Amino acid sequence: MSRVYIFDTTLRDGEQSPGCSMTTPEKLKMAAALADLGVDILEAGFPIASEGDFEAVDAVSRQFPWVQVAALARASTLDVERAAKALEHAKRPRIHTFIATSDIHLQHKLRKTRQQVLDDAVAAVTLARNYTDDVEFSAEDATRTDQEYLEKVCRAVVEAGARTVNLPDTVGYSVPGEYAELIGRIVNALGDRAIVSVHCHDDLGLAVANSLAAVAAGARQIECTINGIGERAGNAALEELVMAFKTRHDRLPFETGINTERLFPASQILTRFISFGPQPNKAIVGENAFAHEAGIHQDGYLKNPSTYEIISPASVGVPESRLVLGKHSGRHALKKRAEDLGYTLSKEELEEVYHRFTHLADNKKGLRNDEIASLVEEVVARGAATVAH
Ligand code: KIV
Ligand code: ZN
């Protein structure tokens, strides 16, 4: 069975998009949720971009020594050195260096020739290898790059020591068959000298489909984010990819190391730190992903859930009961729901949450998950409850 590595970039590509910035303590809590989820590589930031990014990479490296932590760097000496410095305390550091390779970017953004870009890429990888054996190179805008030139760059960076070569669909332009052909070509060219990685944006709503097609063509690392956050329309959603492999193993015979029961809690934790949650009909983690309203559907579902559900809510950590908690609910149910939402409460905190809950529930029909989450959040903010990990 082939293993696919999950490279999470929630704290880098995700965090750099509008409405998604997080403080270092929030990033650390999110990193705990990602470590708990079992991501293979955790991209914690772009150290040269800001002090906050540098601090986050450094803090995640120190706090999660068992995790492979990546830091982004443009293909320049200053960037690579800054990334290396931020990763100084990481036990498993990865420097991820990139440069655009498409003519559109070369002419309008970089104002460099193809040869200059190739030289910069090789120099950055060579420099990064002085700091760590684990170097990834990304050819930004790979899907709009001349393929012969792209192959030349990929061969050269592998020769210089890159162990992972990423071919991003930076602007979400590709379609599955086309992307699979490109990936197949580069997998063939590199053989077992490097892992080919994919990084798809969702501008045409194809990020997950493109990533899956790429894996079928030989890619073995996928870059993705929780809830699909990321630049513009976002990145491929981690939860959708992982559940596609798990649910359609017959057609997609690949393994990931993800603990799928932690998917929903990770999505909830992220939602609390950024300014928006997944849309209600979002696959796997949306509020309606396991809700049934139409009479025919409810009838079928009650007779046997498999009539209308291809995934069991429990397998992705969605609270068993879709029922709201009301004034007759007890501490036990409240504690369990808080855990499902990503919180472990101490006895005192549970008492405090319960006290406030009964007060609120008295005046309402019941409380939804988001209302319970903000109640818990208020108590947590005052004291010592910890995010479950
Ligand atoms: O979308 C992109 O090309 C990127 C690279 C920096 C990997 O985010
Ligand atoms: Zn990106």
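Residues numbered from 1 in each chain as written. Chains lettered and ligands numbered in written order. Predicted model: local features only at pLDDT ≥ 70, side-chain atom pairs only at ≥ 80, totals over all residues. Heavy atoms only, no water.

Student: An account of the domain arrangement of the protein chain is needed here, citing residue identities and associated values.
Tutor: Here the protein chain is partitioned into domain 1 (2-273) and domain 2 (292-388). In this structure, domain 1 and domain 2 have C-alpha centres spaced 34 Å apart. Every contact between the two is made by 13 residues of domain 1 and, on the other side, 17 residues of domain 2. Among the residues of domain 1 in contact with domain 2, M243, F264 and R272 are the three that bury the most area, contributing 42% of the side total. At the boundary of domain 1 and domain 2, one finds one salt bridge. (Domains from an automatic or database assignment. Contact = heavy atoms within 4.5 Å. Buried area = accessible area lost by both parts, 1.4 Å probe. Salt bridge = Lys/Arg side-chain N within 4 Å of Asp/Glu carboxyl O.)

Student: Please set out the confidence of the model for the protein chain residue by residue, giving values where relevant.
Tutor: Summing up the model confidence of the protein chain, the mean pLDDT is 94 and the portion of residues at 70 or higher is 97%. Segment residues 384-389 is flagged for pLDDT under 50; beyond a separation of four residues in sequence, or across chains, it makes 18 contacts in the model. (pLDDT = per-residue confidence, 0-100.)

Student: Break down the packing of aromatic side chains for me, with residues and values.
Tutor: Tallied over the entire structure, the rule returns four aromatic pairs. Geometrically, the ring pair formed by F64 and W66 is edge-to-face, given 5.7 Å between the ring centres and 75° between the ring planes. Measuring from ring centre to ring centre gives 5.9 Å for F245 and F254, while their planes differ by 70°; the resulting arrangement is edge-to-face. (Phe/Tyr/Trp six-rings, centres within 6.5 Å; stacked < 30°, edge-to-face > 60°.)

Student: Report on the coordination of the zinc ion (ligand 2), specifying residues and quantitative values.
Tutor: For the zinc ion (ligand 2), the full set of protein donor atoms is D13 (OD), H199 (NE2) and H201 (NE2), and the range of their distances to it is 2.0 to 2.1 Å. Along the chain, the residues donating to the zinc ion (ligand 2) are arranged with the sequence spacing D-x185-H-x1-H. No difference in accessibility class separates H199 from H201, as the two residues are buried. (Donors = N, O, S within 2.8 Å, 3.2 Å for Na, K, Ca; no water. Buried < 20%, exposed > 50% of the residue type's maximum accessible area, 1.4 Å probe, protein only.)

Student: Any details on the pattern of salt bridges? Residues and values, ideally.
Tutor: Following the criterion strictly, the structure yields 33 salt bridges and no others. Linking D36 and R262 is a salt bridge whose minimum nitrogen-to-oxygen distance equals 2.9 Å. On the criterion of sequence distance, the pair formed by D36 in helix α2 (residues 24-37) and R262 in the loop between β10 (254-255) and α11 (263-273) is long-range, its members being 226 residues apart. According to the relative accessible area criterion, R262 is buried, its value standing at 19%. Between K282 and E239 there is a salt bridge; the shortest N-O distance is 2.8 Å. Separated by 43 residues along the polypeptide, K282 in the loop between α11 and α12 (295-303) and E239 in helix α10 (residues 238-247) bring together distant segments of the chain. Looking at K282, the relative accessible area reads 5%, which means it is buried. Through salt bridges that share partners, R12, D13 and E43 make up one connected network. (Helix = DSSP H or I, 4+ residues; strand = E, 2+ residues; numbered from the N terminus.)

Student: Tell me what's going on with the sheet that holds strand β4 (residues 68-74), and back it up with residues and numbers.
Tutor: One closed barrel accounts for eight strands, arranged β2-β3-β4-β5-β6-β7-β8-β9; its pairing is parallel. Each strand axis lies, on average, 25° off the axis of its neighbour in the sheet, ignoring direction. Inspection of the sheet shows strand β3 (residues 41-45) paired to β4 by four bridges, in the parallel sense. Bridging from a neighbouring strand, E43 pairs with A70 of β4. Against the sheet, helix α6 (residues 114-128) contacts β5 (92-100) and β6 (135-140), and its axis sits at roughly 170° relative to β5. The sheet strands contacting α10 are β2 (5-8) and β9 (221-224), and the helix crosses β9 at an angle near 145°. (Pairing = 2+ DSSP bridges. Axes fitted to C-alpha atoms, helices over the stretch in contact; angles between N-to-C directions.)

Student: Requested: an account of the environment of N259, with residues and values cited.
Tutor: Structurally, N259 is set in the loop between β10 and α11. Along the primary structure N259 and I186 are separated by 73 residues, whereas in three dimensions their C-alpha atoms are 30 Å apart. If near-sequence neighbours (up to four positions away) are discounted, N259 is found in contact with D36 and L37.

Student: Quick rundown of helix α15 (residues 369-382)? Include the residues and the values.
Tutor: Between its first and last C-alpha, α15 extends 20 Å over 14 residues, near the 20 Å set by a 1.5 Å rise per residue. All of the buried residues in α15 are N369, E371, I372, A373, L375, V376, V379 and V380. On its buried side, α15 packs onto α11, α13 (331-340), β11 (343-344) and α14 (347-362). (Expected span 1.5 Å × (residues − 1).)

Student: For the environment of S374, give the residues involved together with the corresponding values.
Tutor: When you line up the elements, S374 lands in helix α15. A relative accessible area of 39% means that S374 is categorised as partly exposed. At a separation of 3.0 Å, a polar atom in the side chain of S374 contacts the main-chain carbonyl oxygen of D370. (Polar contact = N/O pair within 3.5 Å; in protein donor to acceptor, adjacent residues only side chain to side chain.)

Student: Give me the lowdown on the site of ligand 1, citing residues and values where you can.
Tutor: For ligand 1, the full set of nearby residues is R12, D13, H96, F98, S138, E140, N166, P168, T170, H199 and H201. A distance of 3.0 Å is found between an oxygen atom of ligand 1 and a side-chain nitrogen or oxygen belonging to R12. Between D13 and ligand 1, the recorded distance is 3.0 Å, taken from a side-chain N or O atom to an oxygen atom. Here ligand 1 has 260 Å² of accessible area as a free molecule, and 94% of this is covered by the chains. Counting residues per element, the ones that place at least two in the shell around ligand 1 are α1 (10-14), β5, β6 and β7 (164-169). Among the residues forming the shell around ligand 1, the class breakdown is two nonpolar, six polar and three charged. (Near = heavy atom within 4 Å. Areas by Shrake-Rupley, 256 points an atom, 1.4 Å probe, with all protein chains shown as cover. Nonpolar A, V, L, I, M, F, W, Y, C, P; charged D, E, K, R; others polar.)

Student: Outline the nonpolar core, supporting the account with residue identities and numerical values.
Tutor: In this structure, L37, L42, F137, L167 and L238 are the most contacted members of the largest nonpolar core, which totals 117 residues. When residues of this core are sorted by domain, at least three fall in each of domain 1 (2-273) and domain 2 (292-388). Excluding anything up to four places from it in sequence, L167 contacts A142, L150, C154, Y179, I183, I186, V196, S197, V198 and H199. (Core = buried A, V, L, I, M, F, W, Y, C linked by side-chain atoms within 4.5 Å.)

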